[in-house]
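# Chain and residue survey
So you can see what is in the structure, the chains are spelled out below.
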Amino acid sequence: MTTPAAVIVDGAAYAQAVEDAVRAAAAYYGGGTSPLDDDAYDRLVRGIADWEAEHPGRILPDSPTGKVAGGAAVGDVPHTVPMLSLDNVFSAEEFTAWTASLARRTGRDATRFSVGPKLDGLAIAARYSGGRLRQLITRGDGTAGEDVSHAIGTIEGLPEKLDEPVTVEVRGEVLMTSAQFEHANEVRTGHGGQPFANPRNAAAGTLRARERVYTVPMTFFGYGLLPLPGTDSALAERMNGMAHSDLMALAAELGVHTSARTAVPDTVAETPDEVLVRVKEIAALRAELPFGIDGIVVKADLAADREAAGSGSRAPRWAIAYKLPAVEKITRLLDVEWNVGRTGIIAPRGVLEPVVIDGSTITYATLHNPADITRRDLRLGDHVMVHRAGDVIPRIEAPVAHLRTGEERPVDFPAQCPRCGSDIDTGEERWRCAQGRNCHLVASLAYAAGRDQLDIEGLGATRVVQLVEAGLVADLADLFTLRRDQLLALERMGETSTDNLLAAIAEAKRQPLSRVLCALGVRGTGRSMSRRIARYFATMDHVRAADADAMQQVDGIGAEKAPSIVAELAELAPLIDRLAAVGVNMTEPGATPPPPADAASDGDDRTTVPAAGGPLDGMTVVVTGAMTGSLEKLSRNEMNELVERADGRSSSSVSRKTTLVVAGEGAGSKRAKAEQLGVRLATPDEFAAMVAGLLG
Ligand SMILES: NC(=O)c1ccc[n+]([C@@H]2O[C@H](COP(=O)([O-])OP(=O)(O)OC[C@H]3O[C@@H](n4cnc5c(N)ncnc54)[C@H](O)[C@@H]3O)[C@@H](O)[C@H]2O)c1
Ligand SMILES: [Zn+2]
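Fair warning: this is a prediction, and the values are worked out from it, not measured in the lab. (Residues numbered from 1 in each chain as written. Chains lettered and ligands numbered in written order. Predicted model: local features only at pLDDT ≥ 70, side-chain atom pairs only at ≥ 80, totals over all residues.)

With that out of the way, let us pick up the overall build of the protein. If you tally the helices and strands in the protein, you get 25 helices and 25 strands. In summary, the protein has a C-alpha radius of gyration of 35 Å against a globular reference of 26 Å for 696 residues, an excess of more than 25%. Residue burial in the protein is summarised as follows: out of 696 residues, 41% are buried. Sequence separation of 24 or more characterises 67% of the internal contacts of the protein that already satisfy a separation of 6 or more. (Helix = DSSP H or I, 4+ residues; strand = E, 2+ residues; numbered from the N terminus. Rg over C-alpha atoms; globule rule 2.2 N^0.38 Å. Buried ≥ 20, exposed ≤ 12 C-beta atoms within 10 Å, placed from the backbone. Contact = placed C-beta atoms within 7 Å.)

Structure, rendered in structure tokens:
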């Protein structure tokens, strides 16, 4: 897929686009961070090229089109042979067209192609004389580059001494592997510097840095080998006649690192179809590579073909880059969420401003661990470089620090486990809930004991932790078999609190089925769904007997949810049996079970059958504000329970479907909305009168 072009409407927009592109490219090649990701840059340059095609007389001299490095890089060390860019293709069709044009130029079909990864770093030429590395030069504008010899010794894979005392120039890509990049940013932020946005950037910046108190390693991959003026003439002649693949084998023999030692070595293909097969293979491996690639480079392998094809001013005609979709985009980090895993690991996850990468909209990205956030100096509101390749979970590479406005805020780290409220063990890089695997148990027991579920007073998270740590409870049913002596043996448990707790637990056995269901924490069912299930089925036996079809008869349970609820209830069967055995109530007061399935099959709509006829039958009721009078003590959840016992439907938001809004003291926007929509309003007292028969 080709990147669509930016649309440029007039000369002024064109001039602005040229200026923007030149500035971005200068940062990109100059070791700074471009404000544009590659997709955005390519879109801009395509837009510029489109406009220039329509207005050939008005092309600005600064225009990046047709130039190596978009004209943004320079240098004063001349290259013996130009170091060029590559032309791109984006599809099999475009590639086939390119092979046809190559054949037209050379007058024959190419019979050998070299196919290898297009490494995403920056090109350098390494000049060896007598086997010694003497000089490193950047690509620059293609004809002359900058001397970066100061980097000698910091680039792995580029030996200071070759295995033979030859005079040659090795060309290749300098980049940072993922591990080198992580390390570079750690060292850099550790020295008070700003992190690099991605490995390519980090390599460009590091290569140029002349004086630095620390060095960070990079990696070299050779992809070219040529003679220099001082090369032995026999060797020079031999090299000039060698196939590209043989030159690379020679480079490797001399001790230079090439793609040969990676999971995606350069290979030779005999036909365009074979090339395309290899392109697919490399693309499929991309996500797992420890270094970035942005495409596949296909070269005519034979020296004769390369010579016959020749080069243009920007790119050779004997090679082409088969571009892969961009895997990195710049977006914003909106928030950081903390999730607790099965083993109690507390992992941060970045919430992103949605961004499309390679066809998928990305809204979350992993951040590994808290130290990762600190190391990268990530802040909320930062522009961040997000990476997503293949099916691998998207990750945040780093902030684009120079786009900061000063409005960014530090990321909040949790002080307590976000799930169960326990302390956090921060001793390792990966934080862990002090409860470890029990975190989930503590959280679910504390939830079950909560006011809107079993309402067991005196059983807060701290006490639950105590019970779990003492090994007294391993699930919900264990709560109901706790003995007085066991509780008394716990720290900070006196006679009174023990007796109170035991009484509260005994009391909890009488809670209605709806609350028992809710306490079980069936995924996808909260308080109101639990109430609807309980009212519909009336007894736990009926709930458990329901298959997915029967479950769907409950208001709000669709075809998607029903099977998972049924499956989860089946999984909970042993626990439910034990709860029933210790005397926990399993019925919903006032509800009548649905008629048996065969009675329903004669055309009755079952949803209207059960237990209708209460004072709020058919009504949708919203409760807002503080309750007073006889309703004063009822929580919002208890009010909703009351509505449903009266055969109404409780809801939390006012809409045209709402039939009644019970507005207590301090009711605000919901009351206003009801007035605006003309929905009937009732005071708590008026409402109490409507449901008088159901109150205490
Ligand atoms: N984000 C920005 O602001 C910005 C600015 C300028 C350019 N860019 C990006 O840079 C790219 C164009 O830049 P370019 O001209 O440097 O590179 P290119 O994509 O035209 O490709 C040429 C380069 O590929 C490299 N390469 C990697 N593996 C190779 C191999 N096996 N054989 C031969 N060469 C290999 C070499 O460095 C060579 O110079 C575009 O993708 C563009 O998006 C981005
Ligand atoms: Zn926890």
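Read on, since the account is not over.
What follows is about the confidence of the model for the protein. For the protein, per-residue confidence averages 92 on the pLDDT scale, and residues scoring 70 or more make up 97% of the total. Scored below 50 in pLDDT, residues 600-611 makes 17 contacts in the model with residues more than four places away or belonging to other chains. (pLDDT = per-residue confidence, 0-100.)

For A69, which is not glycine, the phi torsion reads 60 degrees and is therefore positive. Structurally, the position occupied by A69 is in the loop between α2 (38-54) and β1 (77-78). Positive phi, close to 55 degrees, is recorded for D455, a residue that is not glycine. Mapped onto the secondary structure, D455 falls in the loop between α11 (439-449) and α12 (461-469). The exposure class of D455 is partly exposed, given the 18 C-beta atoms found within 10 Å.

The sheet built from 5 strands is open, its strands ordered β5-β4-β8-β9-β7 with mixed pairing. Looking along the sheet, the strands with just one partner apiece sit at the ends: β5 (132-138) and β7 (155-156). As paired strands, strand β4 (residues 122-129) and β5 are joined by 6 bridges and run antiparallel to one another. Considered in β5, the bridge of Y128 is made with L133. Contacts between helix α5 (residues 199-208) and the sheet are confined to β4, β8 (168-175) and β9 (218-227), with β8 contributing the most and set at about 130 degrees to the helix. (Pairing = 2+ DSSP bridges. Axes fitted to C-alpha atoms, helices over the stretch in contact; angles between N-to-C directions.)

The UniProt record marks C417, C420 and C439 with the feature "binding site: Zn(2+)" (unreviewed entry), using the residue numbering of this structure. Spatially, the listed residues are clustered: although they cover 23 residues, their C-alpha atoms lie within 8.4 Å of one another. Turning to its location among the elements, C417 is positioned in the loop between β19 (409-410) and β20 (424-425). Residue C417 is classed as buried on the basis of its C-beta count, with 24 C-beta atoms lying within 10 Å. Here C417 is in contact with V340, I346, S422, I424, C433, Q435 and C439, once residues within four sequence places are set aside. With respect to the helices and strands, C439 occurs in helix α11. The contact partners of C439, leaving out residues within four places of it in the chain, are V340, G344, C417, R419, C420, S422 and C433. (UniProt positions renumbered as here; feature names shortened; annotations may be inferred.)

Turning our eyes to something else, we now look at α2. Spanning 17 residues, α2 covers 25 Å between terminal C-alpha atoms, matching the ideal 24 Å at 1.5 Å per step. Those residues of α2 not exposed but buried are D38, Y41, D42, L44, V45, G47, I48 and W51. In the core, the buried residues of α2 are packed alongside α1 (11-30). (Expected span 1.5 Å × (residues − 1).)

Let us now look at the site of ligand 1. Taken together, 23 residues lie around ligand 1, and A24, Y28, S34, D38 and A123 are the ones closest in. Mapped by element, the contributors of at least two residues to the shell around ligand 1 are α1, α2, β3 (113-119) and β4. Considering only residue class, the shell around ligand 1 consists of 13 nonpolar, 4 polar and 6 charged. Of the residues that make up the shell around ligand 1, three or more belong to each of domain 1 (11-71) and domain 2 (77-323). (Near = placed C-beta within 6 Å. Nonpolar A, V, L, I, M, F, W, Y, C, P; charged D, E, K, R; others polar. Domains from an automatic or database assignment.)

Among the 8 residues in β4, 6 count as buried, and that is most of the element. Relative to β8, β4 runs antiparallel, the two sharing 7 bridges. Bridged to A126 within β8 is V170. Between β4 and β5, which pair antiparallel and follow one another directly, the connecting turn spans 2 residues, one of which, G130, has a positive phi of 60 degrees.

Turning to the sheet that holds strand β11 (residues 293-300), a few remarks are in order. The 5 strands lie next to each other as β2-β12-β11-β3-β10, forming an open sheet whose pairing is mixed. Looking at strand neighbours, the two that pair on one side only are β2 (88-89) and β10 (267-269), the edges of this open sheet. The pairing of β11 with strand β12 (residues 319-323) spans 5 bridges and is antiparallel. What sits directly across from V298, in β12, is I320. Helix α8 (residues 272-285) contacts β3, β10, β11 and β12 of the sheet and is inclined by roughly 25 degrees relative to β3.

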